[in-house]
Amino acid sequence: MTTRDPARPTPAFAPETVLVEAARPPRATGASVNPPIELSSTFIGTTEVNDSAYAYGRFATPAWTPFEAALGELEHAALPALVFGSGLAAIAAVLALVPRGGTLVMPTHAYQGSLQSAQELSARAGFSVVSVDIADTDAVIAALDDIVTDDAAARDSSGDVTAGPGIASALLWIESPTNPMLEVADMLALIAAARERDIRVAVDNTFATPLLQTPLDLGADLVVHSVTKYLAGHSDVVLGAVITGDPALRELLLTERSMRGAIAGPFEVWLALRGMRTLSVRLERAQDNAQILSERLSRRAGVAEVRYPGLPADPGHARASAQMAGFGAIVAFTVDTAEQATAIAEAVRLWTPATSLGGVESLIERRRRHASEPTSVPEGLLRLSVGIEHVDDLWADLDAAITAATGETGDGV
Ligand SMILES: *Cc1c(COP(=O)(O)O)cnc(C)c1O
């Protein structure tokens, strides 16, 4: 697993316990065991300027504080998380810190919204985006070296650096495992290489959750989450968060949130903390199911390829075993054609054909149905977000749908 930075405080409890006990109200006879849902847009000030923790609801509200404290602790940050109105709002706030003339190194395969947001923001803000295969460590490091060389050349010719505060010139974006191909990045090597070159690193930790990997411990500067997915866990809220241990970066992100106003509603944040209490048992069951289903799929006639880091034959298996505490619950498999894949998603009765992931219910989706999905994603690829139902029910439904769509029958197990 991850090695801890000795400078970081050691949490008092294991993460499973932190999930349950973090951010409870102070104990007193008759007191509530859960934080209340506080609904107030403004807060009383006793001096001319209200300089208490809470003044106005766009800057900070007690409705966010328990969730932000719990998530900061789970990601091993010395500072509370910053909650945003969606995962993409959190991601856009981070990308907004890349300076004009700077570079964003981005995985070719990543959450589609992150890729689109990077393209759109880079065009307006004047930074460049370099696409890399995040599983190809040498190629990523070569891209980081190019940035260092280009920066030196720019300084020689112009004499001034257009560095922004927080992110001096470049940001390496890591998603691991990636959406939807499940590639695994060598996080330790990539983060170390970026740090040696003064390049900041952000990790989208949505698929893994802090239970499977804590990138700040490996030296990452920033972690982002789509809280919508595993953390909240019930497909009933859209929410995001950024976590950093760097006070200057956090201040910049707080300004982004306060000044652009991509804030979260009190009820959504309350639901997310409520959902997070059960993350460890949800993830454990979903992950066990994903392992069994991926093994059955890899033996199934009609299935061309299965990607799941928990399969010993998967290209990401060794890395994932070394750096993660589990393999997660997203599985991708391919059948020969787009038509077969669509037919499978239409034939299932228990699985729900829908986008998104990380809820208790199992979802199935042909990714290339989205016009903006990278063309390197196979037409016949189906992404599974494996839920917590009984695995035999999930398999029976999927197996029957594969038979119906491909005409290939399985062996029943
Ligand atoms: C869903 C998702 C996002 C975007 O989050 P929203 O909450 O939908 O805005 C970002 N990254 C990953 C890996 C996701 O799965």
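None of the values given here were measured: they were computed from a predicted structure.

**With respect to the site of the ligand**
Line of reasoning, step 1. Around the ligand lies a shell of 13 residues, among which Leu-88, Asp-204, Ser-226, Thr-228 and Lys-229 are the nearest.
Line of reasoning, step 2. Taking Gly-87, its main chain carries an N or O atom lying 2.9 Å from an oxygen atom of the ligand.
Line of reasoning, step 3. One nitrogen or oxygen atom from the main chain of Leu-88 is found 2.8 Å from an oxygen atom belonging to the ligand.
Line of reasoning, step 4. Here the ligand loses 93% of its free accessible area of 380 Å² to cover by the protein chains.
Line of reasoning, step 5. For the shell around the ligand, the element with the highest residue contribution is helix H3 (residues 87-95), accounting for 3 residues.

**Let's talk about the UniProt feature "modified residue: N6-(pyridoxal phosphate)lysine" (unreviewed entry) in the chain**
Line of reasoning, step 1. Residues annotated by UniProt as "modified residue: N6-(pyridoxal phosphate)lysine" (unreviewed entry) correspond here to Lys-229.
Line of reasoning, step 2. Along the polypeptide, Lys-229 turns up in the loop between strand E6 (222-226) and strand E7 (240-244).

**Notes on the sheet that holds strand E1 (residues 82-84)**
Line of reasoning, step 1. Spatial strand order, E1-E7-E6-E5-E4-E2-E3: 7 strands in an open sheet with mixed pairing. Two strands close off the open sheet at either side, each with one partner strand: E1 and strand E3 (128-132). Each strand axis lies, on average, 20° off the axis of its neighbour in the sheet, ignoring direction.
Line of reasoning, step 2. Inspection of the sheet shows E6 paired to E7 by 5 bridges, in the antiparallel sense.

**Here we look at the sheet that holds strand E9 (residues 330-334)**
Line of reasoning, step 1. Strand order across the open sheet formed by 5 strands is E8-E9-E12-E11-E10, with mixed pairing between neighbours. Edge strands, defined here as strands with exactly one partner in the open sheet, are strand E8 (305-307) and strand E10 (352-353).
Line of reasoning, step 2. Judged from the 2 bridges that link them, E10 and strand E11 (residues 363-366) form a sheet pairing that is parallel. Among the inter-strand pairings, Thr-352 is bridged to a residue of E11, identified as Leu-363.
Line of reasoning, step 3. Relative to the sheet, helix H10 (residues 279-298) contacts E8, E9 and strand E12 (381-385), its axis offset from that of E9 by approximately 10°.

**A few points about the domain arrangement of the chain**
Line of reasoning, step 1. Entries for the chain in the domain assignment read domain 1 (64-274) and domain 2 (280-406).
Line of reasoning, step 2. Centre-to-centre, using C-alpha coordinates, domain 1 lies 26 Å away from domain 2.
Line of reasoning, step 3. Taken together, the 32 residues of domain 1 in the interface contact 36 residues of domain 2.
Line of reasoning, step 4. Where domain 1 meets domain 2, there are 0 salt bridges.
Line of reasoning, step 5. Our count for the contact surface shared by domain 1 and domain 2 stands at 14 residue pairs in polar contact (both at pLDDT 80 or more).
Line of reasoning, step 6. Mapped onto the side of domain 1 that touches domain 2, the elements with two or more residues apiece are helix H4 (112-125), helix H6 (187-196) and helix H7 (209-212).
Line of reasoning, step 7. Here the residues of the side of domain 1 that touches domain 2 are counted per class, giving 17 nonpolar, 12 polar and 3 charged.

**Side note on a nonpolar patch on the surface**
Line of reasoning, step 1. Taken together, the side chains of Ile-37, Leu-39 and Phe-267 present a nonpolar region at the surface, about 310 Å² in accessible area.
Line of reasoning, step 2. With respect to the helices and strands, Phe-267 occurs in helix H9 (residues 266-276).

**Regarding the environment of Arg-250**
Line of reasoning, step 1. Tracing the chain through its elements places Arg-250 in helix H8 (residues 247-260).
Line of reasoning, step 2. The exposure class assigned to Arg-250 is buried, which follows from its relative accessible area of 16%.
Line of reasoning, step 3. Considered as a pair, Arg-250 and Glu-346 are 96 residues apart in the sequence and their alpha carbons are 45 Å apart.
Line of reasoning, step 4. Not counting residues within four places of it along the chain, the set of residues in contact with Arg-250 comprises Leu-79, Pro-80, Ala-81, Leu-82 and Thr-244.

**A short note on the confidence of the model for the chain**
Line of reasoning, step 1. Mean pLDDT for the chain: 93, with 93% of residues reaching 70 or above.
Line of reasoning, step 2. Confidence drops under a pLDDT of 50 for residues 1-6, and excluding neighbours within four residues, the segment shows 17 contacts in the predicted structure.

**Quick notes on the pairing of E12**
Line of reasoning, step 1. Most of E12 sits out of view: 5 of its 5 residues are buried.
Line of reasoning, step 2. The sheet contact formed by E9 and E12 spans 5 bridges and is antiparallel. Of the residues in E12, the one forming a bridge with Val-331 is Leu-384.
Line of reasoning, step 3. Across 4 bridges, E11 lies against E12 in antiparallel orientation. Of the residues in E12, the one forming a bridge with Ile-364 is Leu-384.

**Observations concerning unusual backbone geometry**
Line of reasoning, step 1. Following Ser-176, the chain continues into Pro-177 via a peptide bond in cis, with omega recorded as -10°.
Line of reasoning, step 2. Along the chain, the position of Pro-177 falls in the loop between strand E4 (170-175) and H6.
Line of reasoning, step 3. For Asp-198, which is not glycine, the phi torsion reads 60° and is therefore positive.
Line of reasoning, step 4. Examined against the element boundaries, Asp-198 turns out to sit in the loop between H6 and strand E5 (200-204).
Line of reasoning, step 5. Judged by its relative accessible area of 65%, Asp-198 falls in the exposed class.

**Description of the side chain of Arg-300**
Line of reasoning, step 1. For Arg-300, the location among the structural elements is in the loop between H10 and E8.
Line of reasoning, step 2. What Arg-300 contacts, discounting residues up to four positions off in sequence, is Trp-395, Asp-399, Ile-402, Thr-403, Glu-408, Thr-409 and Gly-410.

Calculation rules
- Residues numbered from 1 in each chain as written.
- Predicted model: local features only at pLDDT ≥ 70, side-chain atom pairs only at ≥ 80, totals over all residues.
- Heavy atoms only, no water.
- Near = heavy atom within 4 Å.
- Polar contact = N/O pair within 3.5 Å; in protein donor to acceptor, adjacent residues only side chain to side chain.
- Areas by Shrake-Rupley, 256 points an atom, 1.4 Å probe, with all protein chains shown as cover.
- Helix = DSSP H or I, 4+ residues; strand = E, 2+ residues; numbered from the N terminus.
- UniProt positions renumbered as here; feature names shortened; annotations may be inferred.
- Pairing = 2+ DSSP bridges.
- Axes fitted to C-alpha atoms, helices over the stretch in contact; angles between N-to-C directions.
- Contact = heavy atoms within 4.5 Å.
- Domains from an automatic or database assignment.
- Salt bridge = Lys/Arg side-chain N within 4 Å of Asp/Glu carboxyl O.
- Nonpolar A, V, L, I, M, F, W, Y, C, P; charged D, E, K, R; others polar.
- Patch = residues over 30% accessible without salt bridge, like charges linked within 9 Å, V, L, I, M, F, W, Y side chains within 5 Å.
- Buried < 20%, exposed > 50% of the residue type's maximum accessible area, 1.4 Å probe, protein only.
- pLDDT = per-residue confidence, 0-100.

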